[in-house]
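# Structural features, examined
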Amino acid sequence: AQSVAQPEDQVNVAEGNPLTVKCTYSVSGNPYLFWYVQYPNRGLQFLLKYITGDNLVKGSYGFEAEFNKSQTSFHLKKPSALVSDSALYFCAVSRDYGGATNKLIFGTGTLLAVQP
Amino acid sequence: NAGVTQTPKFRVLKTGQSMTLLCAQDMNHEYMYWYRQDPGMGLRLIHYSVGEGTTAKGEVPDGYNVSRLKKQNFLLGLESAAPSQTSVYFCASRNPTYPYNEQFFGPGTRLTVL
């Protein structure tokens, strides 16, 4: 069965410092990995995804994520945090079922708080 | 493009009342989904549809029904609301051309059942 773990409920970082939001996954076969962001009272917005190839994926708003197959991780990173990055971040995983619908499995979310 | 829209934005129900949540998308996506979001539990899939006239159960389908009479609309119904259904409901859609295409989410409906 597929699963996603986000071990930190909240991450606090000072503005201008690098940030990391952690995600580990469990899936049989090759995974597709996603990061979504949710701002207060809004729906989820897609940030980036890993399909195959380069382990470092770049996405929206200066975010990037590193896929590590041996550690089954897909951590979200940004070199310099902004106060406006404060939001709830979700990691999600799916895989190719060979034509059938692939359902996303979401982590429980990590609240990122960036202090000015 | 409006993307994915949901109505209503907020609703308060009494136990036993019924209601329907409407999701509409203008991206011509085949696949549509209904999720619920609860604190500390992330998003859980309620029902989904892979095309007009077809629906399937997700992870937490009990107490909900859905219909997909038109490709652009996906309705979620609660026949007899219970306090356990207090949640934020999100609709999403996806182009199934590739299995790794991302889902697009609506703004959500906040439902309180008293």
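These remarks concern the structure in this document. Predicted model, so just to flag it, every value in this text is computed and none were measured.

What follows covers the state of the cysteines. Residue and element names in this part refer to chain B. Following the criterion strictly, the structure yields two disulfides over all chains and no others. Here Cys23 is linked by a disulfide to Cys91, with a sulfur-sulfur distance of 1.9 Å. Measuring handedness by torsion sign, the sulfur bridge of Cys23 and Cys91 sits at about -75° and is left-handed. Separated by 68 residues along the polypeptide, Cys23 in strand β3 (residues 19-25) and Cys91 in strand β9 (residues 87-94) bring together distant segments of the chain. With relative accessibility at 0%, the residue Cys23 sits in the buried group. According to the relative accessible area criterion, Cys91 is buried, its value standing at 0%.

Now for the sheet that holds β3(B). Residue and element names in this part refer to chain B. Pairing is antiparallel in the open sheet, where four strands are placed in the order β1-β3-β8-β7. Among the strands making up the open sheet, the edge pair consists of β1 (4-7) and β7 (65-67). Within this sheet the neighbouring strands show an average axis-to-axis angle of 20°, counted without direction.

What follows deals with the pairing of β9(B). All names here are of chain B. Most of β9 sits out of view: eight of its eight residues are buried. Alternating positions in β9 separate into two faces, Ser87, Tyr89, Cys91 and Ser93 on one and Val88, Phe90, Ala92 and Arg94 on the other, with burial throughout. In this structure, β9 lies alongside strand β11 (residues 109-113), joined through three bridges in antiparallel fashion. Of the residues in β11, the one forming a bridge with Tyr89 is Thr109. Two elements, β9 and strand β10 (residues 104-105), share two bridges in a ladder whose sense is antiparallel. Each residue of the ladder has a partner; that of Ala92, found in β10, is Phe105.

What counts and what doesn't
Residues numbered from 1 in each chain as written. Chains lettered and ligands numbered in written order. Predicted model: local features only at pLDDT ≥ 70, side-chain atom pairs only at ≥ 80, totals over all residues. Heavy atoms only, no water. Disulfide = S-S within 2.5 Å. Helix = DSSP H or I, 4+ residues; strand = E, 2+ residues; numbered from the N terminus. Buried < 20%, exposed > 50% of the residue type's maximum accessible area, 1.4 Å probe, protein only. Pairing = 2+ DSSP bridges. Axes fitted to C-alpha atoms, helices over the stretch in contact; angles between N-to-C directions.

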